Amino acid sequence: MSTGATSHTEIISIPAKRDFDELVSAVKQAVENHGLVRIATASASRAAAARGIKIPGNAVVLAFNNPYAVRLLAASVPAGIEAPMRFYVTEAADGTSSLAYEKPSSVLAPYGDGRLDELGRELDTLFAAIALDAVGR
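Criteria and thresholds
- Residues numbered from 1 in each chain as written.
- Predicted model: local features only at pLDDT ≥ 70, side-chain atom pairs only at ≥ 80, totals over all residues.
- Heavy atoms only, no water.
- Pairing = 2+ DSSP bridges.
- Helix = DSSP H or I, 4+ residues; strand = E, 2+ residues; numbered from the N terminus.
- Axes fitted to C-alpha atoms, helices over the stretch in contact; angles between N-to-C directions.
- Contact = heavy atoms within 4.5 Å.

Caption draft 1: View of the sheet that holds strand β4 (residues 85-91). Spatially, the five strands line up as an open sheet ordered β1-β5-β4-β3-β2, and their pairing is antiparallel. Strands with a single pairing partner mark the edges of an open sheet, and in this sheet they are β1 (11-15) and β2 (37-42). Ignoring strand direction, the axes of neighbouring strands in this sheet form an average angle of 20°. Relative to strand β5 (residues 97-102), β1 runs antiparallel, the two sharing five bridges. Counted as the bridge partner of Ser13 is Ala100 from β5. Across the sheet, helix α5 (residues 114-135) is in contact with β1, β3 (58-64), β4 and β5; its angle to β5 comes to roughly 170°.

See below:
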């Protein structure tokens, strides 16, 4: 069953002035400081480290809140699969880190609903503010 959604999203990537662990913590704090709820954090590198395997750091921070979820679902139940939205923290071989996220407006655009377009633009501004706070700018 197809909903008409596609995976042509715009990904924003920002180099950080923090190391990997600091950036993960900063993203979690920035998410909460800007009124979102951190739903979960998943990290393949931390799970690998628990098994004695070293890979570059990576973590996904899932974030959203109920007021946004209600608006999203009021516009499109199929678009509910897009929540929570994600921030992705990665570590390069040289120890630097970066933060990436899918621009919410581009995630929601394929659903073709003006209410989702409005919500996406609002979330674009919020995600940009969270990202800039987290990377230390």
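Picking up where we left off.
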